[in-house]
Every structure is written in C-alpha cells, then in structure tokens.
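Working through the structure, step by step
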Amino acid sequence: MLQKIRDIWNTPKSLKARRYANVFYDVSWNVLLLTIISVVLIGFLGAGIGAGYFASLVKDMPTPAYKTMTSQINTYSSTSEIYFGSGERIGNYTTDEVRVPITVDKVSPFVVDALLATEDVEFYEHDGVVPKATLRAILQEATGSEERTGGSTLTQQLIKNQMLTNEVSFERKAKEILLALRLEKAMDKDEILNAYLNVVSFGRNSMGRNISGIEAASRGVFNTSAEKLTLPQAAFLAGIPKNPFLYTPYYQGGVIKEDVSPAINRMKTVLNRMYVAGKISKEEYDAAYNYDITQDFMKTQSKPRDRYPYVVDEAELQARELVTNYLLEQDGIVLSDLKTEEQDTIRTTYAKRAHNMLRQGGFKIHLTLDKEIHEAMQQPAKNANNFAPNQYIAEEDRNLPEQTAAVMLENKTGRVLGFVGGRYINGKTDEVNRALRMERQIGSTAKPVLVYANAIEAGMITPETTILDEQYFYKFTGPGQPKKEVMNESRTHNGAVTAREALKRSLNVPAVKIYEERNQKPADTQKLVDMGIPVSEANRTASAMALGTGEVTPVDLASAYAMLANYGEHVEPYFIERIEYNGEVIFEKQAKKTRIYTDRTSYLVIDMLRDVYSSGTATYANSLLNVPGDWMGKTGTTNNRRDSYLVGSTPNVTLAVWSGFDSQFGELVNSGEVGQYYQRTQRIWSQTANLVYADKPEIFNTNARFSQPASVKPSDFKDSGTFSEKKKLEEKKKEEEAKKQAEEAKQQAEEAKEKAEQAQQDAEAQRDADAKAEAEAKKQAEAAQKAEAEAKKKAEAEAEAKKKAEDEAKAKEDAENEADAS
C-alpha cells in the first residue's frame with residue numbers, strides 16, 4: 001500500500017495530478033516551516049518571558065559574598081551539653097531543639113548512600129540544580145497535579161533551611177535556585193553534604209524533643225552514634241526528612257507511636273532506591289527489608305531534668321551567670337563603672353543573650369560532681385523512714401513534709417562532689433535547691449568557727465581553759481530591752497567546765513561568755529565574710545551570733561569546716577569546673593584561697609571537735625558510721641528546733657547535713673517511730689557517708705590523719721589563756737578552800753566535842769561499871785565467905801560425924817574385943 005502511494009506520488013499518471021502534488025508539497029512544506037519557526041519563536045519568547053519573570057523575582061535579592069554564604073550555611077544551633085566532673089554526660093541544656101554537630105567522615109556510609117539515593121541521586125554531578133526536575137516540579141505546581149515528585153537538590157534544601165524560609169512561592173523557589181548555583185561555587189560537595197547532615201530535621205527523639213542533624217537523630221532514636229548506624233537504621237533515618245512529622249516514631253512526650261507503618265514503609269522505599277542505585281547488594285537489601293526496626297527504638301527516656309533535677313537547674317543557672325560575665329568582658333563592659341539603674345538593664349540584656357547562646361551555641365558545661373558520689377547521696381533522701389510525718393503549719397494553714405539537704409566538699413579544692421537539694425517524695429523533687437541556695441540559721445555549728453577559733457587565735461583560751469557554766473544574761477542587748485538569759489538546751493548548768501567539754505557538749509553559756517568578753521564582734525564576723533558567708537549589719541554586733549543566728553547555706557557551712565580541715569585556709573566552694581565554647585575554654589575555675597586562721601588555731605579546734613564524735617553530741621552518728629578515719633565535726637540546733645545540723649570532716653572531705661522545714665514555723669519533733677529529731681539528722685548523715693564510702697571509698701582517704709603542726713606547743717593543752725574567769729575561778733577556788741577549811745575546822749571541833757562527850761560518857765560508863773564490878777565483887781566475896789563458912793561448917797559436921805563414926809567403930813571394936821576376951 002505504501003509502495004503504491006509512493007509510486008503514484010513519484011510518477012503521477014496525469015499532469016493535473018502532478019500539479020496538485022506539487023502544490024500540496026509546497027503548501028505542506030511552508031506550513032511545516034512556518035510551524036517550526038513559530039514554535040522556535042514561541043520558545044524564545046517563553047524563555048524570554050520566563051527569564052524576565054525569573055529576573056523580576058530575584059531582582060531585589062542582593063548577591064551574597066561567598067564568605068557570607070558559607071558562614072550563614074555553617075551557622076546552626078548546637079545543643080549545649082552538661083557533664084559530670086567524673087566525665088559522664090548528664091544531658092542537654094534545656095532547649096526545644098537538640099543538635100549535636102558531626103563531620104561527614106564520622107558518619108556511617110550507609111547514611112550517605114541512603115540520603116543521596118533518596119533525596120539527590122545526581123548530587124555529585126549537578127551544579128546545585130537539576131533543570132528537568134525543577135521544570136517537572138514547576139509544571140506540577142502550575143497544573144495542580146496531585147503527584148509531587150519534588151525538584152529540590154540537597155543544595156537547594158540546605159539553602160531553604162539556612163538562608164530562606166519555608167514559604168511556598170515561585171519567588172522563594174527562584175531565590176533558592178540562584179543561591180544554590182552560587183553555593184556550589186562557594187563550597188565543595190563534601191562541605192555541602194556535611195552542612196546538610198547537621199541541619200536537616202529528623203522529627204523527635206525518645207524524650208519528645210525536636211532533633212536536627214544525623215548525630216542527634218542517631219542518639220535520640222537508636223541510642224548510638226551516627227558512625228555505628230546499621231543499614232536498616234540508616235535507611236529509617238534517611239527517610240524521615242521527607243516528612244518529619246509523619247515519619248518520626250515518637251510523639252511529643254517521647255512515647256512511641258502506636259502505628260509506625262508509614263515510617264517503616266518509607267524505610268523500605270529508601271532501601272529499594274539504594275538497591276536500584278547499586279549501593280547495596282540483593283542480600284543486604286533483603287536482610288534490611290525484613291528487619292524489625294522497631295526493636296531498635298529507644299524506649300521513652302526521662303529528660304535530664306527528671307533524672308538530675310537539682311543538678312540541671314543549678315548548672316543552667318550558674319552557666320548563664322558565667323556566660324553573661326564572659327560576654328560583658330568580651331565587650332569591655334565593667335558594670336561597676338555604670339550607674340546602678342544602668343547596671344541592672346545591661347546585665348539583664350546580656351543575661352538574655354547568654355541564655356540564647358547556651359540554648360543554641362554548643363557550649364560544654366563541665367561540673368565538679370562525681371556521678372557515683374552524687375547518686376549515692378540521694379538514697380537517704382528517698383527513704384521515708386528517715387523523716388517524721390508531715391506537719392501541719394497552723395500559721396500557713398498547710399501540711400509540709402520534713403526536708404533535708406546535704407553537701408559533700410573536697411577540702412583542698414573546694415569542689416562540690418555531690419549534694420542533695422531536698423527530699424524525694426513519691427519519687428519526685430521540687431524546685432528549691434536547699435543545699436546550694438537555702439539560707440538558714442546554723443545554730444551551734446557556728447561556735448567552733450566563730451567563737452572558739454577567734455578566742456584561741458587571740459590567746460584568750462585554750463582547750464583546757466575552765467569556764468563557769470552558770471546562770472548568765474546577755475551583757476549586750478538592744479536599748480530599752482530587758483535582760484535576756486542565755487539558756488543551755490538542757491535548761492541546766494554544769495558549773496566549771498573546760499572549753500573542750502563545753503564545745504563537746506555544745507553548751508551555750510560558755511560560748512556567749514567567751515564571745516562577749518572578747519567583744520570583737522565586727523572583726524570576728526569578718527572572718528565569716530572572708531569565707532563568702534554574708535553577715536547582716538545587725539548581726540555584725542549581735543551577741544547571739546555566738547549561737548548561730550546568722551543565716552548560711554549548707555554549702556557555705558561545709559566550706560567553713562573544710563577551712564578548719566585545711567588548717568585555717570579557706571577554699572571557695574564551686575560547682576562548675578569549666579565551660580567550653582567552639583573548642584575554646586571560656587571559663588575555668590581558679591581556686592580562691594583565703595587564710596582565715598593559723599594552723600595552730602585550726603588544729604586545736606580540730607582536736608576539740610574530735611570529741612564531738614567520740615563522746616559528745618554526735619556519738620549517735622558515730623555509732624552508725626562505717627567509714628574509718630580521723631573525724632571531727634559539730635552538731636547544731638536552732639531555736640524551737642527549726643533546724644538540725646551535723647557537719648563532719650576528715651582531712652580529705654567534709655559532709656554537711658541539714659534537716660528541717662521550708663516554713664519558719666515548722667518545728668522538728670521527736671518521734672517514737674523514727675527517732676528523736678537529732679537522731680534523724682545524724683542517721684541521714686551516717687547513711688550518706690556509708691553509701692558514698694561503699695561506692696567510692698578512696699575519696700575519704702581513711703589512712704589520713706590531722707597531724708599536729710609544729711606551731712602547737714605543750715602549753716596549748718594547758719589552761720594558759722587570758723580568759724577573765726580564770727581569776728574569778730581562782731578567787732572562787734580560794735573561797736571554796738577557805739569555806740572548806742572552815743567546814744573542816746568546824747567538823748574537827750564537832751568531832752572533838754563528840755570525842756569529849758564520848759570520853760565523858762565512857763568515863764561515867766566506866767565508873768558505873770567499876771561500881772557495879774565492886775558491888776559484884778563484894779557480893780561475890782560475901783558469897784565466898786558464906787560458902788566458906790558453910791563449907792567449914794560442913795567440914796566440921798563431916799569431921800564430927802567422922803569422929804563419931806570412928807568413935808562408934810572403936811567402941812564397937814572395943815566391945816568386940818571385950819567379947820572375944822570374955
């Protein structure tokens with residue numbers, strides 16, 4: 001058929017047919033030519049219009065310099081992180097977005113292959129834009145097509161995230177294309193890929209926080225680094241950026257979604273594209289395709305604030321203050337040079353800057369805390385058996401729980417090794433950090449560091465100085481105020497006691513007597529100020545400071561006893577070791593040391609405080625203590641039992657524990673179930689020390705001892721001070737001796753009188769006895785005479801009878817003889 005038509009066309013049978021054929025040919029050719037020319041002209045016109053439209057869209061956009069572009073592309077927030085002093089990571093500074101920067105060479109190759117196969121297969125070939133993909137996307141947008149294949153390269157996505165907005169418009173797209181082409185000239189492919197991996201969003205992590213960047217995604221979803229991601233894990237994460245809201249496996253609270261099938265299907269799509277692109281083998285594809293990725297999901301994680309509530313809050317609070325100071329210093333601003341009202345405004349402004357930088361600037365905050373020590377210290381605060389039942393505070397019309405706080409310091413450095421900010425009630429805490437922020441009166445714990453140390457330093461007393469514990473009234477009271485008696489807690493007095501005994505038993509009267517006689521209150525309280533402990537103007541001259549009316553935080557109280565353990569050198573306590581920013585250390589704590597007392601004074605006080613544990617007010621704690629070592633310390637109680645303390649030190653560490661109520665009206669009570677109030681405090685103290693010792697025994701260095709310095713002389717252990725009561729005691733002693741002698745003389749006289757009376761009684765008794773004996777002798781003599789007379793008479797009668805018998809016998813014999821004769 002075709003051949004027949006071709007033959008007729010080439011060899012027409014008639015002239016007319018030939019003419020028609022030629023006309024048809026000419027017309028057809030002209031029409032075709034005109035059509036081609038029209039299409040070309042329309043194409044040029046469309047291109048011109050498109051180019052003109054494109055130019056109109058970007059005409060107001062300034063062309064950024066390459067350096068500006070690279071700087072903006074590489075400027076992205078990086079989450080600040082908080083670390084224990086022992087090196088373990090605590091968590092992120094509180095922020096809505098978590099990002100951990102990483103370089104592309106430390107990312108699993110699976111991740112790179114998955115992203116490129118899915119998002120930009122021609123990444124290493126194009127110049128920032130793929131025209132056909134862009135045209136397709138524009139046509140889909142213009143026609144309202146439901147199928148959207150997307151036309152953005154990784155470079156374009158990076159531009160959109162870092163330099164533009166998410167606005168859907170041709171203007172934004174035009175700017176994106178232009179900037180992408182320019183960025184490809186400013187940065188190489190690996191640099192662009194590196195930036196993209198740190199910028200792109202990956203939904204939420206197991207804490208429910210937004211995550212950006214592949215490293216944060218790896219940690220937040222699979223609890224591993226981006227370097228160690230497996231093929232299915234990498235494919236899963238690579239699929240999320242397409243639609244982070246849909247494909248993230250977690251809800252806002254960090255709870256795993258009930259249905260994660262969309263994300264799993266997306267993972268399978270990524271794997272298929274990797275296989276088609278030749279990035280993985282069929283065996284790898286099958287294994288990953290059938291892998292149950294849900295078993296790798298992290299379970300819902302608690303936020304750092306939930307695990308270490310007081311730690312994170314305090315770290316953020318102090319970090320803001322330190323970074324604020326850094327920013328002020330960087331800008332050359334000295335607040336003291338400004339007016340007061342200007343100081344507040346400037347500091348507030350810089351504090352906001354510091355907060356924003358910490359949320360986004362990638363700071364590394366290293367604390368002093370030892371993780372094992374800090375966690376061990378929390379256990380007693382979680383044990384409800386260590387506390388009395390809740391107390392109803394009538395003045396505030398509410399029930400309050402008994403609270404506690406604790407701090408452990410390293411004496412030589414001032415590092416806070418661990419602390420307890422408060423109780424754990426039903427596993428939860430509150431926002432009040434009682435260990436580092438709460439100021440309360442410290443009771444008798446003030447006596448060693450304020451009263452006895454100053455008096456020893458001044459040569460006023462020694463440990464063996466004798467003091468009268470007797471009824472005593474404050475010498476110094478306010479104008480018009482009545483005299484106020486100083487009372488011991490026992491409400492009794494003990495007479496003459498040594499300073500050692502008074503401190504061991506925490507007697508109030510001797511302490512006030514010493515403090516008032518020294519009468520150097522401003523100078524003495526300055527020692528507290530030098531240790532960073534604030535003292536109000538009213539308390540600078542108050543005699544009651546001897547009994548601890550000044551308010552101190554537990555951490556500052558602990559540092560005061562660490563000062564004694566350091567032989568009189570105070571080291572400022574601190575909580576943040578250093579802060580790093582962009583690889584540079586912008587803050588590092590420098591030890592602030594202040595000489596408060598001499599080593600002689602400190603050692604003598606230490607030696608006295610050893611007795612507190614061995615035979616004084618802390619013997620209960622000592623009976624529960626399993627930590628060997630050279631312990632010294634002090635108990636303390638404030639008025640109405642509002643606060644109870646025990647502070648104890650070894651040469652290495654100091655542990656301070658407080659018990660009480662958040663209300664000033666709360667009063668610690670004795671309970672048959674959980675023990676007396678001071679026993680509860682001491683039990684918590686001992687439990688804390690024992691638990692830390694079980695986990696970290698080396699921190700105590702139990703073989704260390706407080707060694708006696710050469711400045712301590714034998715006379716320091718005798719009553720060699722200048723305390724005025726020494727003379728008073730001597731006079732009293734003389735009076736007592738004279739009284740004793742008079743009593744002895746009187747007693748001797750009474751004894752002599754008694755002896756004389758006894759002698760007289762004895763003499764009279766002897767006379768009576770003699771008279772009685774004489775009468776008895778006379779009576780006996782008369783009886784003897786009578787008996788003798790009777791015996792004589794009897795003898796005579798017997799002799800007469802004998803003679804008569806003899807006469808009769810003779811007469812009989814004579815008669816017989818006469819008879820015989822006859």
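Being a predicted model, the structure only gives us computed values, none of them experimental. (Residues numbered from 1 in each chain as written. Predicted model: local features only at pLDDT ≥ 70, side-chain atom pairs only at ≥ 80, totals over all residues. Heavy atoms only, no water.)

Glancing now at the overall build of the protein. Of regular secondary structure, the protein possesses 26 helices and 23 strands. Taking the contacts inside the protein whose residues are at least 6 apart along the sequence as the reference set, 71% of them involve residues at least 24 apart. Entry remark: accessible area of the protein is about 42,900 Å², with carbon and sulfur atoms responsible for 51%. (Helix = DSSP H or I, 4+ residues; strand = E, 2+ residues; numbered from the N terminus. Contact = heavy atoms within 4.5 Å. Areas by Shrake-Rupley, 256 points an atom, 1.4 Å probe, with all protein chains shown as cover.)

With respect to topology, five strands assemble into an open sheet ordered 10-9-23-22-21, the strand pairing being antiparallel. With partners counted over all chains shown, the strands left at the sheet margins are strand 10 (416-420) and strand 21 (632-637), one partner each. Across the sheet, the mean angle from the axis of one strand to that of its neighbour is 5°, orientation sign disregarded. In the packing of helix 17 (residues 371-378) onto the sheet, contacts are made with strand 9 (403-410), strand 10 and strand 23 (653-660), and the angle to strand 10 comes to roughly 20°. (Pairing = 2+ DSSP bridges. Axes fitted to C-alpha atoms, helices over the stretch in contact; angles between N-to-C directions.)

This next bit is on the pairing of strand 9. Counted residue by residue, strand 9 has seven buried out of eight residues, so it is predominantly covered. Across eight bridges, strand 9 lies against strand 23 in antiparallel orientation. Residue Met 408 lies in a different strand from strand 23, and its bridge partner there is Leu 655. Linking strand 9 back to strand 10 in an antiparallel pair, the connection comprises five residues, with Gly 414 at a positive phi of about 85°. (Buried < 20%, exposed > 50% of the residue type's maximum accessible area, 1.4 Å probe, protein only.)

Right, let's get into a negative patch on the surface. A grouping of Glu 750, Glu 751, Glu 754 and Glu 757 is seen on the molecular surface, where their side chains present a negatively charged patch. Mapped onto the elements of the fold, Glu 757 is located in helix 26 (residues 725-821). What makes Glu 757 partly exposed here is its relative accessible area of 38%. (Patch = residues over 30% accessible without salt bridge, like charges linked within 9 Å, V, L, I, M, F, W, Y side chains within 5 Å. Salt bridge = Lys/Arg side-chain N within 4 Å of Asp/Glu carboxyl O. Lys, Arg positive; Asp, Glu negative; His and termini not counted. Charge placed at Lys NZ, Arg CZ, Asp CG, Glu CD.)

Another point: the sheet that holds strand 18 (residues 576-581). Reading across from one edge, 2-1-6-18-19 is the order of the five strands in this open sheet, with mixed pairing throughout. Of all the strands in the sheet, the pair left with one neighbour each is strand 2 (89-92) and strand 19 (584-588). The sheet shows a mean angle of 20° between the axes of neighbouring strands, taken without regard to direction. Of the strand pairs in this sheet, strand 1 (residues 81-83) and strand 6 (residues 364-367) are connected by three bridges, and their pairing is parallel.

On to helix 6 (residues 154-162). Helix 6 sits mainly inside the fold: seven of its nine residues count as buried. Buried residues of helix 6: Leu 154, Thr 155, Gln 156, Gln 157, Leu 158, Ile 159 and Gln 162, and no others.

Even without being glycine, Asn 519 reaches a positive phi, approximately 55°. Inspection of the secondary structure puts Asn 519 in the loop between helix 20 (508-518) and helix 21 (521-530). The phi angle at Asn 640 is positive, at roughly 60°, despite the residue not being glycine. Residue placement: Asn 640 occurs in the loop between strand 21 and strand 22 (643-649).

Another aspect to go through is the nonpolar core. Core analysis: the largest hydrophobic core is formed by 122 residues, its most contacted members being Leu 367, Phe 419 and Tyr 452. The leading source of residues in this core is helix 15 (residues 309-330), at nine residues. Excluding its chain neighbours within four sequence positions, the residues that come into contact with Tyr 452 are Lys 447, Ile 461, Ala 499, Ala 502, Leu 503, Pro 510, Ala 511, Ile 514 and Met 608. Among the nonpolar cores identified, the runner-up in size contains 61 residues, and Ile 102, Ile 211, Ile 240 and Met 274 belong to it. (Core = buried A, V, L, I, M, F, W, Y, C linked by side-chain atoms within 4.5 Å.)

Counted by the stated rule, this structure contains 31 salt bridges. Between Lys 696 and Asp 370 there is a salt bridge whose closest N-O contact spans 3.0 Å. Here Lys 696, found in the loop between helix 25 (677-695) and helix 26, pairs with Asp 370, found in the loop between strand 6 and helix 17; they are 326 residues apart in sequence, far enough to count as distant. For Asp 370, a relative accessible area of 11% corresponds to the buried category. Measuring nitrogen to oxygen at the nearest pair gives 3.0 Å for the salt bridge that ties Asp 607 to Arg 610. Linking Asp 607 with Arg 610, this pair stays in helix 23 (residues 599-614), spanning three residues, or about one helical turn. Taken as a pair, Asp 607 and Arg 610 share a single burial class, namely buried. Where salt bridges share partners, they join Glu 464, Arg 500, Asp 607, Arg 610, Asp 611 and Asp 630 into one cluster.

To describe a pair of aromatic rings, one takes the distance between the centres and the angle between the planes. Applying the stated criterion across every chain, the model contains 16 aromatic pairs. Measuring from centroid to centroid gives 5.3 Å for Tyr 275 and Tyr 285, while their planes differ by 25°, and the two rings are stacked. With a gap of ten residues between them, Tyr 275 in helix 12 (residues 261-276) and Tyr 285 in helix 13 (residues 282-289) connect regions that are remote in the sequence. Assessed through its relative accessible area of 33%, Tyr 275 is described here as partly exposed. Cluster of aromatic residues (ring-pair linked, three or more members): Tyr 613, Trp 631, Trp 685, Tyr 693 and Phe 700. One cation-aromatic arrangement involves Lys 189 over Phe 123; the distance from NZ or CZ to the ring centre is 4.6 Å. (Phe/Tyr/Trp six-rings, centres within 6.5 Å; stacked < 30°, edge-to-face > 60°. Lys NZ or Arg CZ within 6 Å of the ring centre and 35° of its normal.)

Moving on, we come to the side chain of Ser 659. Looking at the secondary structure, you find Ser 659 in strand 23. Residue class for Ser 659 comes out buried when judged on its relative accessible area of 2%. Side-chain polar atoms of Ser 659 contact the side chain of Thr 681, separated by 3.2 Å. In contact with Ser 659, other than residues within four places in its own chain, are Gln 403, Thr 404, Arg 642, Asp 643, Ser 644, Leu 668, Thr 681 and Ile 684. (Polar contact = N/O pair within 3.5 Å; in protein donor to acceptor, adjacent residues only side chain to side chain.)

Turning to the confidence of the model for the protein, a few remarks are in order. Parts of the model with low pLDDT should not have their predicted coordinates read in detail. Mean pLDDT over the protein: 85, with 86% of residues reaching 70 or higher. Note that residues 43-60 has pLDDT below 50 and, in this model, eleven contacts with residues that lie over four places away or in other chains. With pLDDT under 50 throughout, residues 145-149 is counted as low confidence; its partners more than four residues away or in other chains account for six contacts. (pLDDT = per-residue confidence, 0-100.)

Position of Gly 85 among the secondary structure elements: in the loop between strand 1 and strand 2. The contact partners of Gly 85, leaving out residues within four places of it in the chain, are Leu 367, Thr 368 and Leu 369.

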